[in-house]
Amino acid sequence: MKYLYPIKGFTKPKQYPDPDKRSGALLAWEFLRRNPKYQEDFDKFKKLKSPSAKRNFQEKWLPGIPTLTLFDPKDNQPRGLKLALTHAPRFNVIKGKETVNIESLYKGGVFVTFNLNVPIKRQLDKTRKFLERERKEQKIKPIEKNYQRKIFPLYCRILDAKADNKSIEFLAKFFYSHRKRGDIDISGTLKDQLKAALRLRDSDYIFLADAP
């Protein structure tokens, strides 16, 4: 698989940003911009003329941004990134005769309507009980992520190397040449790291967006 837009040269670690000097939104973007489906949709988006068609793409990837746009995967620091990566909670207000169509982006998404004529605290208490009941009925366990930032550059380098069609064997030799055989299961370690990197690229990047 070849990326439409190669992001960085995985053999040059200095090209990769220091994760301690990046906001959560920028860390999330480093993974999202490497998603080949996002890259394909960005190319399609540029050719669209219908606002509704563009909105579908935007709601899929960047629901928080008010304008109809997708960020260029080549852009290192897109303007308005933090707002664009706000997935939850999402707020939609119906004004006048306008209607709003809401589509859940992820499994476990729930939308609740509040009435501003009714005391807010009462509604929040009922909402909390409702959400807890729904979570129990749907057998959903709360997701708690504690990714270590320091390993993000390695994850991104692995993704870029895989985009360049490098094998696990090649990656094991390239990234762990300093390790002696028998120290660790190098191929197994690379497979685990690739799995984690793919999960961040394809879905879990959203959990990074609100980090400081």
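Thresholds applied
Residues numbered from 1 in each chain as written. Predicted model: local features only at pLDDT ≥ 70, side-chain atom pairs only at ≥ 80, totals over all residues. Heavy atoms only, no water. Axes fitted to C-alpha atoms, helices over the stretch in contact; angles between N-to-C directions. Helix = DSSP H or I, 4+ residues; strand = E, 2+ residues; numbered from the N terminus. Parallel < 35°, antiparallel > 145°, perpendicular 65-115°, else oblique. Contact = heavy atoms within 4.5 Å. Nonpolar A, V, L, I, M, F, W, Y, C, P; charged D, E, K, R; others polar. Salt bridge = Lys/Arg side-chain N within 4 Å of Asp/Glu carboxyl O. Buried < 20%, exposed > 50% of the residue type's maximum accessible area, 1.4 Å probe, protein only. Phe/Tyr/Trp six-rings, centres within 6.5 Å; stacked < 30°, edge-to-face > 60°. Lys NZ or Arg CZ within 6 Å of the ring centre and 35° of its normal. Core = buried A, V, L, I, M, F, W, Y, C linked by side-chain atoms within 4.5 Å. pLDDT = per-residue confidence, 0-100. Patch = residues over 30% accessible without salt bridge, like charges linked within 9 Å, V, L, I, M, F, W, Y side chains within 5 Å. Areas by Shrake-Rupley, 256 points an atom, 1.4 Å probe, with all protein chains shown as cover. Left-handed = near helix turned anticlockwise from the far one by under 90°.

Chemist: Please clarify how the packing of helix α7 (residues 168–175) against helix α8 (residues 186–202) should be interpreted in this entry.
Modeler: For any two helices packed against each other, one specifies the crossing angle of their axes together with the interaxial distance. Interhelical geometry of α7 versus α8 gives an angle of 105 degrees and a closest axis separation of 9 Å. Our classification of the angle between α7 and α8 gives roughly perpendicular. Residues I168, L171 and A172 of α7 pack against I186, S187, L190, K191 and L194 of α8. The class makeup of the residues in the contact of α7 with α8 is 6 nonpolar, 1 polar and 1 charged.

Chemist: Looking at this structure, how should I read the pattern of salt bridges?
Modeler: Pairing is possible between side chains of opposite charge, provided their charged atoms come close. Counting across every chain of the model gives 10 salt bridges. One salt bridge in this structure joins E30 and R34, with 2.9 Å as the shortest N-O distance. Residue classification places R34 among the buried positions, given a relative accessible area of 0%. Two residues, K60 and D41, come together in a salt bridge whose shortest N-O distance is 3.0 Å. Here K60 is found in helix α3 (residues 51–61), whereas its partner D41 is found in helix α2 (residues 36–47), with 19 residues between them in sequence. In this structure K60 comes out as partly exposed when scored by relative accessible area, which is 41%. Via salt bridges that share partners, E30, R33, R34 and D160 belong to a single interconnected network.

Chemist: Hey, could you run me through the packing of aromatic side chains in this one?
Modeler: Centre-to-centre distance and the angle between the planes together describe a pair of aromatic rings. Taken as a whole and judged by the stated rule, the model has 10 aromatic pairs. Measuring from centroid to centroid gives 5.4 Å for F31 and F152, while their planes differ by 85 degrees, and the two rings are edge-to-face. Placement of F31 in helix α1 (residues 24–32) and of F152 in helix α6 (residues 152–163) is noted, with a sequence separation of 121 residues between them. Here F31 matches F152 in class, with each residue buried. A connected cluster of aromatic rings, assembled from ring pairs, spans F10, F170, F174 and F175. When the ring centre of F45 is taken as reference, the NZ or CZ atom of K54 above it lies at 5.4 Å. Its end group placed over the ring of F170, K166 keeps NZ or CZ at 5.0 Å from the ring centre.

Chemist: What am I meant to see in the nonpolar core here?
Modeler: In terms of nonpolar packing, the biggest core is built from 47 residues, with F31, L62 and L85 touching the most fellow members. If you tally residues by element for this core, the top one is α6, at 8 residues. Ignoring any residue separated from it by four or fewer positions in sequence, one finds L85 in contact with A25, A28, W29, L32, L62, Y205 and A209.

Chemist: How should the confidence of the model for the protein chain be read in this particular structure?
Modeler: Atomic detail in the predicted coordinates should be set aside for any region of low pLDDT. Per-residue confidence for the protein chain gives a mean pLDDT of 83; residues scoring 70 or more make up 83%. Between the elements of the protein chain, mean pLDDT differs from a low of 83, seen in helix α4 (residues 81–84), to a high of 95, seen in α6.

Chemist: What's the story with a nonpolar patch on the surface in this structure? I'm lost.
Modeler: Where nonpolar side chains cluster on the molecular surface, the patch consists of V110, V112, F114, L116, I120, L124 and L131 and spans about 610 Å² of accessible area. Tracing the backbone through its elements, the reader meets I120 in helix α5 (residues 120–137). For I120, a relative accessible area of 42% gives the class partly exposed.

Chemist: Looking at this structure, how should I read unusual backbone geometry?
Modeler: For residues that are not glycine, phi is negative in most cases, and the peptide bond is trans in most cases. Not every positive phi belongs to a glycine, and N165 is a case in point at roughly 65 degrees. Mapping N165 onto the fold places it in the loop between α6 and α7.

Chemist: I would appreciate a short explanation of the packing of α2 against α3 in the present structure.
Modeler: At a minimum axis distance of 10 Å, the contact between α2 and α3 shows a crossing angle of 155 degrees. Compared by their axis directions, α2 and α3 come out roughly antiparallel. Where α2 crosses over α3, the two elements pack in a sense that is left-handed. In this structure, α2 contributes K37, Y38, D41, K44 and F45 to the contact, and α3 contributes K54, F57, K60 and W61. Class assignment for the residues of the contact of α2 with α3 results in 4 nonpolar, no polar and 5 charged.

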